[in-house]
Amino acid sequence: MSSRRSRSKQSSGSRITDDQINDLVSKLQQLLPEIRDRRSDKVSAAKVLQETCNYIRSLHREVDDLSERLSELLATSDTAQAAIIRSLLNQ
Amino acid sequence: MTNSPKGFTLNNADSCRVKFARRFLRSLIEIKTRQTNYNNNLSSSPSSSSEIRRRSERIKLKAYSSMAHAVGPRKAWTRALLLKLHNRAKRHRFRTRKRSSLAMVLKKKRVFRVKNHANFYKPAAERGNYSVLNSDEKTEKLRELVPGGKAMDICSLLEETAHFIKCLAMQVQVMHEIADQLSN
């Protein structure tokens, strides 16, 4: 029973994949600045995944840098800053 | 499996952006207020390098959690991310309180859970093996980078990755804008 279920799951799993995965991979490609403009049939799925990983890492690094920059900016103890933040909040 | 990957509609992305900005700005005010209170009580300077480092860590965590809250619990990556941040905060609190006995209990529990997960996730890793992708190694790397990615089948992984990237890029953009406003 359980073996039958797992087999049917697997076959239906491989049936959906190739087309659907191609579709998802090309959607992912649209989001990557490095390879966004290339034709999707020119870029392998492995390349898209590689670029995705690189992009996520670079975004994390940017968050790190920006957090540090914001922290330095908040160090100055003027009250105008809080006012700026509040005004941004009300936009 | 009929759920096709849903991109942001413009409205959706905008409201998410606004929600994130509001939450994050409120956290910044909170951090700023706490710092001035500290400053009145203690003599530690808010511009000392250790204080800047500590504060930037706090800002970073708030940025990620604001993002996850702004998106809401519909996405698996936000749930995983919030859980991760929550556990991290809990560990941190225990560490700073130096309650070693409780920390030990927590540690034991964690090890047990990780062991369970290792068994649970095995099939998911095997499911990532498709002819189109033909690179297990790369999907595994992606799983590590997307919160909750280890427990997803390959289709969800790709969908959630696309959404995660959009949100992360938006988070970076908003943080940029805030920093620019503050430095003017």
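Bear in mind the structure is a predicted one, so any value in this text is a computation, not a measurement.

With that settled, the discussion passes to the interface of chain B and chain A. If you look at the interface, chain B gives 52 residues, while chain A gives 48 residues. Between chain B and chain A, roughly 4800 Å² of surface is buried when both sides are summed, and carbon and sulfur atoms account for 76% of that area. Where chain B packs against chain A, one counts two salt bridges. A salt bridge links Asp180 of chain B to Arg69 of chain A; the shortest N-O distance between them is 2.8 Å. Counting every contact that joins chain B to chain A gives eight residue pairs in polar contact (both at pLDDT 80 or more). Elements that contribute at least two residues to the side of chain B that touches chain A include exactly α1 (10-41), α2 (49-71), α5 (136-145) and α6 (154-183) of chain B. Element by element, the count of residues in the side of chain B that touches chain A is highest for α6 of chain B, at 21 residues. A class-by-class count of the residues in the side of chain B that touches chain A yields 30 nonpolar, 12 polar and 10 charged.

This part is about the confidence of the model for chain A. Residue and element names in this part refer to chain A. Taken over all residues, the pLDDT of chain A has a mean of 79, while the share at 70 or more is 76%. Least confident of the elements in chain A is helix α1 (residues 2-30), whose mean pLDDT is 66; most confident is helix α2 (residues 45-75), at 94. Every residue in residues 1-14 scores below 50 in pLDDT, and together they form two contacts with partners more than four places removed in sequence or on other chains.

Residues and elements named next belong to chain B. Across its 30 residues, α6 extends 43 Å between first and last C-alpha, which sits within 8% of the 44 Å expected from 1.5 Å per residue. Of all 30 residues in α6, 21 are buried; the element is thus mostly enclosed. The opening residue of α6 is Asp153, an N-cap whose side-chain oxygen sits 3.0 Å from the backbone nitrogen of Cys155.

With 61 residues, the main nonpolar core has Phe24, Leu158 and Ile178 of chain B as its most contacted residues. Mapped by element, the contributors of at least two residues to this core are α1, α2 and α3 (79-89) of chain A together with α1, α2, α3 (76-97), α5 and α6 of chain B. With 16 residues, the single largest contributor to this core is α6 of chain B. Non-local contacts of Ile178 of chain B, meaning those with residues more than four positions away in its chain, are made with Leu70 and Leu88 of chain A together with Phe24, Leu25 and Leu28 of chain B.

So, on to a positive patch on the surface. Residue and element names in this part refer to chain B. Taken together, the side chains of Lys19, Arg22, Arg23, Arg26 and Arg74 define a basic patch exposed on the protein surface. For Arg26, the location among the structural elements is in helix α1. Classification of Arg26 by relative accessible area gives partly exposed; the value is 46%.

Residue and element names in this part refer to chain A. Position of Lys47 among the secondary structure elements: in helix α2. The exposure class assigned to Lys47 is partly exposed, which follows from its relative accessible area of 32%. Setting aside chain neighbours within four positions, we find Lys47 in contact with Ile35 and Arg38.

Quick look at the packing of aromatic side chains now. Residues and elements named next belong to chain B. Considering all chains together, one arrives at two aromatic pairs over all chains under this definition. Ring geometry for Phe20 versus Phe24: centroids 5.6 Å apart, planes at 10 degrees, classification stacked. One end of the pair, Phe20, and the other, Phe24, are both in helix α1, four residues apart, so they sit about a helical turn from each other. The exposure class assigned to Phe20 is buried, which follows from its relative accessible area of 0%.

Conventions and cut-offs
- Residues numbered from 1 in each chain as written.
- Chains lettered and ligands numbered in written order.
- Predicted model: local features only at pLDDT ≥ 70, side-chain atom pairs only at ≥ 80, totals over all residues.
- Heavy atoms only, no water.
- Contact = heavy atoms within 4.5 Å.
- Buried area = accessible area lost by both parts, 1.4 Å probe.
- Salt bridge = Lys/Arg side-chain N within 4 Å of Asp/Glu carboxyl O.
- Polar contact = N/O pair within 3.5 Å; in protein donor to acceptor, adjacent residues only side chain to side chain.
- Helix = DSSP H or I, 4+ residues; strand = E, 2+ residues; numbered from the N terminus.
- Nonpolar A, V, L, I, M, F, W, Y, C, P; charged D, E, K, R; others polar.
- pLDDT = per-residue confidence, 0-100.
- Expected span 1.5 Å × (residues − 1).
- Buried < 20%, exposed > 50% of the residue type's maximum accessible area, 1.4 Å probe, protein only.
- Core = buried A, V, L, I, M, F, W, Y, C linked by side-chain atoms within 4.5 Å.
- Patch = residues over 30% accessible without salt bridge, like charges linked within 9 Å, V, L, I, M, F, W, Y side chains within 5 Å.
- Areas by Shrake-Rupley, 256 points an atom, 1.4 Å probe, with all protein chains shown as cover.
- Lys, Arg positive; Asp, Glu negative; His and termini not counted.
- Charge placed at Lys NZ, Arg CZ, Asp CG, Glu CD.
- Phe/Tyr/Trp six-rings, centres within 6.5 Å; stacked < 30°, edge-to-face > 60°.

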